[in-house]
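Close look at the chain arrangement
Okay, here's what each chain looks like letter by letter:
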Amino acid sequence: MGSFRRSQQLIAAGYARWLSRLALRASRITPVPIRGGAFKVASRSSRSQQSQFPRGFFSSRNQQQKETGSGKGPPVVAPVALLILGGSLIYSLYPDDELRQARIARREKKKDLKDVKDSSQPQSEDTAWSTFSSGFERFSNITDIEWSTLSDRVADLILPDWSRALPGQIRKLQRELSMKEGSLANEIWQEAHDPLIHPEIQYSAKVRVSDELCDEEKEFLSRRKKIATAALAKYLGLDEKDINPDDVPTIAMCGSGGGLRALVAGTGSLLATQEDGLFDCITYTSGVSGSCWLQTLYHSTLTNCRLDRIVDHLKSRIGVHFAYPPAAFSSVTSLPTSKLLLSSLVEKLRGDPKADFGLVDVYGILLAARLLVPKGELAVNEKDFKLSNQREYIKYGQNPMPIYTAVRHEIPDISGKASPERAKEIAKQESWFQWFELTPYEFFCEEFNAGIPTWALGRRFNNGEDVPPEGNDFHLPELRMPIMLGIFGSAFCATLSHYYREIRPLVKSLAGFSTIDGMIYGYNEDLEKVHPIDPAQIPNFTYNMKGKLRFTTPTTIYDNEYIQLMDAGMSNNLPIYPLLRPGRDVDIIVAFDASADVKTDNWLSVADGYARQRGVKGWPVGVGWPKETDSTQKIEQQLEAAQANSAADAENKVQQAKTKNDHHPSEPSESSKHDMSHPEDSDLGYCTIWVGKTEERSSEPPPPTKALTDDSLSWHLTEPSAGITVIYLPFLTNPKVEGVNPGTSDYMSTWNFVYTPEQVDKVVALARANFAEGKDRIRRCVRAVYERKKKIREDREADAKKEMYRRLVRLGIAHRLGEGDHFS
């Protein structure tokens, strides 16, 4: 009897399942004639496909008719009704244990969810993770709703084929982020407490307040000097034994921002310097935006510091848009990439109840899915997802030290002040942009003269010490690289002023819109205070440290637990500032500029104001400007206007000089397009060199530094008073490389995120050809700086010997009778 009852239950269960599927499609079943006058409903393959994707959200009636091959006919209503009634009767008599257990499980699940919601209601408002998980739960539920209001024809037109899998992928992602037992989020959070996986969680961190470099960087410099000495001997064709390490110039390379254009062009430029031998001589690299992505790839297991491998990696990974849903969802829902990509989200929100997860963070995760994941995805390495792990590539000085950059936009609150003059004075006292630098060793801000270890990035700080999130010895793991990639390249977080400057040429060209342009641009100061998209937010390590930092620190920084960081290109698209930091003593700066408008947005001139503010000696005055066509009177006026009476005044003038540009770097002007296409007609050239003076400036404005010609190159560089040398290489067109033009090629846009392998090869070839135009001048420049440092050292040693001899003479020790002279 028991076996009979069990067999009846199985029959009833299968019958009920079949009837339920049939009932859902009763309104659209059409008969298909077969032999004997009978009708069949649908084929097995059609039913399985329809059960996977129910109609209403993805499938249309037309699509199903195509799949089944059915024609028109009257619906089978009566048989279906009888079948449903019969099935319900059998199911009521013989209920299946499996179905009963599933029904009970669903009720218990709803009860558990209600209990959890009720117990955590007071805490949900204060927890970043609960806010995120509940919001994502609501979002995933939306994908389960049937879009019955849309007609089938409209659904066919607006929904692509890949959208059919989206609800399932979103639901899968929601399950993995549910923090339930066995979920991926729970596994990530459990591993966040494992010191074998995250050694940094064992150590507490403190804010280091100093104007000196950290000890790790000092150790790196001493080791890198030995490597650079051998490389310089090879580069200049000298014997290494004849080179004194003190004579080796400190060379730095910086790459501009510009998205994938800067990444691909920068790779080609550095590859050319490596092939020429110059790259091995440098000590620092610094980047903005896409150049930061380049540094990340170079110091990773993907390439193992091989620039040629970066080219191959880019050709295999950036042919698909980073936000293409099928590829993006595949990366975040499939192991092993999902665990590494989602760790940044889980650790940030789960470990900090006040953390924020915004568009920049999502952007960074999607970027990392394309850039930090190799072809095939299985060889992805966890080491590449922490910036501090890059110490392995520089700890012996075997590679240059990378410097990543980001800026914070300080907007002073000047409302309610006594007078407009007083309000402006308060605004001048606050720096509009604070530059933050990140190295494998330290996260530092020169305006604050303070920093923290890179492995402590992402922790909350109070009064100079980190705050454990759970009140015990547990500390959060380091903030992951996907979040940082988003910050480095978050140019879309620009102010309304930047956005308007991008479209201003179009507005001015329209008839009757010049007046409107004047009205809008008249409120430019207000537009500079509004960010339509919020920058990324990370904990503020200077929180509650009032009175302990440098006087240039904005007063508002002490009261904020968090700071917002964005693309440093909002301040200067060339990361020269970190290279001028005291202690680094850079002699030669090689600047590769792949900005969209290398002429209109002259970022070198902006760095001049920074050098004046910081009191940097040896910076070329007026580097990059004024043009040779400017009159002497205009030059003097520009230089006089650039003078500053105080540090705050200098910072304000730098900002004013930058905002005078009419064009945003994402869209070149017509004149700049011509100059980029015809370098022979412009004043840029493939390789332009300036050298500064270390002599004190007089009260009169000094004449601007002229670009050095081949005839005057060695003479100026070997002068004892020569200062910092700037070698500027803009990304221009070259007749030796056909089919690629930075000024007119559509795929060269900053906002383009897809490059075909052929386009990658063309951009790399252009960058290499441009460097070849000036590589001989660069070698002569490096040789001249080396000879100058050598002569200065030899003169210093000779003077020291003379001074010692004079001292011995004064003491009566030198040349005494009876001690070896021929008169004794």
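Only a predicted model underlies this, so the values are computations on that prediction, with no experimental measurement involved. (Residues numbered from 1 in each chain as written. Predicted model: local features only at pLDDT ≥ 70, side-chain atom pairs only at ≥ 80, totals over all residues. Heavy atoms only, no water.)

**Observations regarding the overall build of the chain**
- Of the regular secondary structure elements, the chain holds 28 helices and 16 strands.
- Among the 824 residues that make up the chain, the fraction classed as buried is 51%.
- Carbon and sulfur atoms form 54% of the exposed surface of the chain, whose accessible area is close to 39700 Å². (Helix = DSSP H or I, 4+ residues; strand = E, 2+ residues; numbered from the N terminus. Buried < 20%, exposed > 50% of the residue type's maximum accessible area, 1.4 Å probe, protein only. Areas by Shrake-Rupley, 256 points an atom, 1.4 Å probe, with all protein chains shown as cover.)

**As for a nonpolar patch on the surface**
- Taken together, Trp162, Val320 and Tyr324 make up a surface patch of nonpolar side chains, about 240 Å² in accessible area.
- Tracing the backbone shows Trp162 in the loop between helix H8 (152-158) and helix H9 (166-176).
- The exposure class assigned to Trp162 is partly exposed, which follows from its relative accessible area of 32%. (Patch = residues over 30% accessible without salt bridge, like charges linked within 9 Å, V, L, I, M, F, W, Y side chains within 5 Å. Salt bridge = Lys/Arg side-chain N within 4 Å of Asp/Glu carboxyl O.)

**Focus: unusual backbone geometry**
- A cis amide bond links Leu335 to the next residue, Pro336, at an omega of 5°.
- Assignment of secondary structure puts Pro336 in the loop between helix H15 (325-333) and helix H16 (337-351).
- At Asn304, a residue that is not glycine, the phi angle is positive and equals roughly 50°.
- Examined against the element boundaries, Asn304 turns out to sit in the loop between helix H13 (290-298) and helix H14 (307-317).
- Assessed through its relative accessible area of 41%, Asn304 is described here as partly exposed.
- Of note in this structure, Glu377 is not a glycine but carries a positive phi near 70°.
- Structurally, Glu377 is set in the loop between helix H17 (359-371) and strand S6 (401-409).
- We classify Glu377 as partly exposed; its relative accessible area is 21%.

**Examining the packing of helix H12 (residues 259-276) against helix H28 (residues 757-810)**
- Axis separation between H12 and H28 bottoms out at 8 Å; the angle between their running directions is 45°. The angle between H12 and H28 falls in the class oblique. Pair H12 / H28 crosses with right-handed handedness. Where H12 abuts H28, its residues Val264, Ala265, Gly268, Ser269, Leu271, Ala272, Thr273, Glu275 and Asp276 lie against Val760, Val763, Val764, Ala767, Arg768, Phe771, Lys775 and Arg779.
- Of the residues contributing to the contact of H12 with H28, the split by class is nine nonpolar, three polar and five charged. (Axes fitted to C-alpha atoms, helices over the stretch in contact; angles between N-to-C directions. Parallel < 35°, antiparallel > 145°, perpendicular 65-115°, else oblique. Left-handed = near helix turned anticlockwise from the far one by under 90°. Contact = heavy atoms within 4.5 Å. Nonpolar A, V, L, I, M, F, W, Y, C, P; charged D, E, K, R; others polar.)

**Describing the confidence of the model for the chain**
- Here the chain averages 76 in pLDDT, while 64% of its residues score no lower than 70.
- The low-confidence segment residues 115-125, where pLDDT is below 50, has three contacts with residues more than four positions distant or belonging to other chains.
- Under a pLDDT of 50 for its full length, residues 657-668 has, in the predicted model, 42 contacts with residues more than four places off or in other chains. (pLDDT = per-residue confidence, 0-100.)

**Notes on helix H19 (residues 481-488)**
- In terms of burial, H19 is a largely internal element, eight of the eight residues being buried.
- Among the residues of H19, those classed as buried are Met481, Pro482, Ile483, Met484, Leu485, Gly486, Ile487 and Phe488.

**Side note on the packing of aromatic side chains**
- One pass over the structure, following the stated rule, counts 17 aromatic pairs.
- Taken together, a centroid distance of 5.7 Å and an interplanar angle of 90° make the contact between Tyr747 and Tyr755 edge-to-face.
- Classification of Tyr747 as buried rests on a relative accessible area of 14%.
- On the basis of relative accessible area, Tyr755 is assigned to the buried category, the value being 0%.
- In textbook terms, an aromatic cluster arises when at least three aromatic residues are bridged by ring pairs, as seen for Phe436, Phe443, Phe448 and Phe541.
- Residue placement shows Arg581 over the ring face of Phe444; its charged tip is 3.8 Å from the ring centre. (Phe/Tyr/Trp six-rings, centres within 6.5 Å; stacked < 30°, edge-to-face > 60°. Lys NZ or Arg CZ within 6 Å of the ring centre and 35° of its normal.)

**A short note on the packing of helix H10 (residues 184-191) against H16**
- The geometry of H10 relative to H16 is characterised by a closest axis approach of 9 Å and an angle of 70° between their N-to-C directions. By the angle class used here, H10 and H16 are roughly perpendicular. In this structure, H10 uses Leu184, Ala185, Glu187, Ile188, Trp189 and Glu191 to contact H16, whose residues at the interface are Ser338, Lys339, Leu342, Ser343, Val346, Glu347, Arg350 and Gly351.
- Residues of the contact of H10 with H16, tallied by class, amount to six nonpolar, three polar and five charged.

**Section: H13**
- The buried fraction of H13 is high, at nine of nine residues.
- Regarding H13, the residues found buried are Gly290, Ser291, Cys292, Trp293, Leu294, Gln295, Thr296, Leu297 and Tyr298.

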